Amino acid sequence: MRILITGGAGFLGSALANTLITKNHEVLVLDDLSAGDPNRLSPEVLFHRSTITDRPKLWTLLQGVECVYHLAARVVVAESILYPREYNDVNVSGTVALLEAMRDVGIPRLIFASSGAVYGDQAEQPIAETTQPNPLSPYAVSKLAAEHYIHTIGALWGTTTIALRIFNAYGPGQPLLPSHSPVIPRFLSQALGGGSLVIFGNGQQTRDFVYVSDVVRALVTALTTDNVDHCTINIGSGTEVSIKELADEILAQTHASSNTLYSPVGSGGVSRLRADLTLARKVLGYQPEVALKEGLRRVLEEDPRYR
Ligand SMILES: NC(=O)c1ccc[n+]([C@@H]2O[C@H](COP(=O)([O-])OP(=O)(O)OC[C@H]3O[C@@H](n4cnc5c(N)ncnc54)[C@H](O)[C@@H]3O)[C@@H](O)[C@H]2O)c1
């Protein structure tokens, strides 16, 4: 198939692009490089630097495409609280711009990277897709709004749409950001740099950490699965790990003598997250394969930053 990945130079998009290439698909990537790096991509991937709202560029790139993976987005929760309009522009208006271009060109299938963040705080765990979302940040709102747009417009215009609500993905190459970095690269660099591991809050908050290859397998399966039209599906590990437990595991695996420090928690975060995978198992045959311990071992082995 000829496939377009928006945001394909990012952490998840590049892993997806490089996997699709090994399955003999023709892969095009559109990314404005605001957070991406084209050097992550296999040479066979056709890379185009452009923003998601550039209509003429979208039209050109969409010619002959059979499926679009839409991953381009601003992704930092704390930043979204400071710049909600920017998050709306890229994550919501950008999605609508893509949908219009897909309609004009006649693209039959869209797979969207949504987020477990849409659930916010929920008393019931694990969280099933039928749970009423409770977004706690503009980032989460933007992902939920984009989901509604793709399913509603997809139904109106006859496009097959699938949204995968990805929980906390991690793996080799996950960027370490100067501020508000994802927790695993931050803890790893703190441990290996001999610094303290800084835990925001009391460390009892939990996350569902899912290894990158499990996410990519779910995305690839969604390419050809039938009977999932306008469906929203959780993708996680199905387990929850507290941030304190994560810190302890990282200290054990890195053999670091660092201590843990506690710092006040920011807003926009949630207390517990654990994905219910019943629907993913049923419609995608999805089963997570890499547990956190093994995933961290692979990150330490494969990511040159941690050697
Ligand atoms: N990593 C996770 O844990 C996780 C969890 C849930 C959902 N997601 C979703 O998966 C997708 C990929 O996430 P990621 O972790 O790889 O993040 P990422 O920041 O590495 O990737 C996003 C990519 O989008 C690109 N981009 C941003 N704005 C753009 C624009 N206006 N036009 C074109 N490209 C643009 C960036 O340059 C970047 O390469 C995002 O949509 C994110 O919301 C990720």
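Residues numbered from 1 in each chain as written. Predicted model: local features only at pLDDT ≥ 70, side-chain atom pairs only at ≥ 80, totals over all residues. Heavy atoms only, no water.

Novice: For the overall build of the chain, give the residues involved together with the corresponding values.
Specialist: What the chain contains, in helices and strands, is 10 helices and 13 strands. For 307 residues, the compact-globule formula gives about 19 Å, and the C-alpha radius of gyration of the chain, at 19 Å, lands near that figure. Within the chain, the proportion of its 307 residues that are buried is 52%. Long-range pairs, those at least 24 residues apart, make up 78% of the contacts in the chain between residues at least 6 apart in sequence. In the chain, 25 side chains carry a positive charge and 30 a negative one; their mean positions are 1 Å apart. (Helix = DSSP H or I, 4+ residues; strand = E, 2+ residues; numbered from the N terminus. Rg over C-alpha atoms; globule rule 2.2 N^0.38 Å. Buried < 20%, exposed > 50% of the residue type's maximum accessible area, 1.4 Å probe, protein only. Contact = heavy atoms within 4.5 Å. Lys, Arg positive; Asp, Glu negative; His and termini not counted. Charge placed at Lys NZ, Arg CZ, Asp CG, Glu CD.)

Novice: Could you give me a rundown of the site of the ligand, with the residues and numbers involved?
Specialist: As a matter of local geometry, the ligand sits amid 29 residues, with Leu12, Asp31, Leu71, Tyr139 and Lys143 nearest to it. Note that an oxygen atom of the ligand is positioned 2.9 Å from one of the backbone N or O atoms of Phe11. The fraction of the free accessible surface of the ligand (820 Å²) that becomes covered by protein chains is 93%. When residues of the shell around the ligand are traced back to their parent elements, those giving at least two are helix H1 (11–22), strand E2 (26–31), strand E5 (109–115), helix H5 (138–157) and strand E7 (168–170). The greatest single-element share of the shell around the ligand, amounting to three residues, is contributed by E5. Partitioning the shell around the ligand into residue classes produces 17 nonpolar, nine polar and three charged. (Near = heavy atom within 4 Å. Polar contact = N/O pair within 3.5 Å; in protein donor to acceptor, adjacent residues only side chain to side chain. Areas by Shrake-Rupley, 256 points an atom, 1.4 Å probe, with all protein chains shown as cover. Nonpolar A, V, L, I, M, F, W, Y, C, P; charged D, E, K, R; others polar.)

Novice: With reference to specific residues and values, describe the packing of helix H8 (residues 243–254) against helix H10 (residues 292–302).
Specialist: Put simply, H8 and H10 touch, their axes get as near as 11 Å, and they point 45° apart. In terms of orientation, H8 lies oblique with respect to H10. By crossing handedness, the relation of H8 to H10 is classed as right-handed. Residues Leu246, Glu249, Ile250, Gln253 and Thr254 of H8 pack against Leu292, Lys293, Leu296, Arg297 and Leu300 of H10. A class-by-class count of the residues in the contact of H8 with H10 yields five nonpolar, two polar and three charged. (Axes fitted to C-alpha atoms, helices over the stretch in contact; angles between N-to-C directions. Parallel < 35°, antiparallel > 145°, perpendicular 65-115°, else oblique. Left-handed = near helix turned anticlockwise from the far one by under 90°.)

Novice: Residue-level account of the pairing of E2, with values.
Specialist: In terms of burial, E2 is largely enclosed, as five of its six residues are buried. Judged from the five bridges that link them, strand E1 (residues 2–6) and E2 form a sheet pairing that is parallel. Along E2, the bridge assignment pairs Ile5 with Val29. Since E1 and E2 lie parallel, the crossover through H1 that links them has a hand, and here it is right-handed. Sheet topology note: the E2/strand E3 (residues 46–49) ladder contains four bridges and is parallel. Among the inter-strand pairings, Leu28 is bridged to a residue of E3, identified as Leu46. (Pairing = 2+ DSSP bridges. Right-handed = clockwise from strand over helix to strand, strands pointing away.)

Novice: Tell me about the sheet that holds E5, and please be specific about residues and values.
Specialist: Read across the sheet, seven strands follow the order E3-E2-E1-E4-E5-E6-E11 without closing on themselves; strand pairing throughout is parallel. Two strands lie at the open edges of the sheet, namely E3 and strand E11 (231–235), each paired on one side alone. On average, adjacent strands in this sheet sit at an angle of 20° to one another, irrespective of strand direction. Summarising the sheet, E5 and strand E6 (residues 160–166) pair through seven bridges and their orientation is parallel. Directly across from Phe112, in E6, lies its bridge partner Ala163. In this fold H1 packs onto E1, E2, strand E4 (67–70) and E6, with an angle of close to 170° to the strand it touches most, E1.

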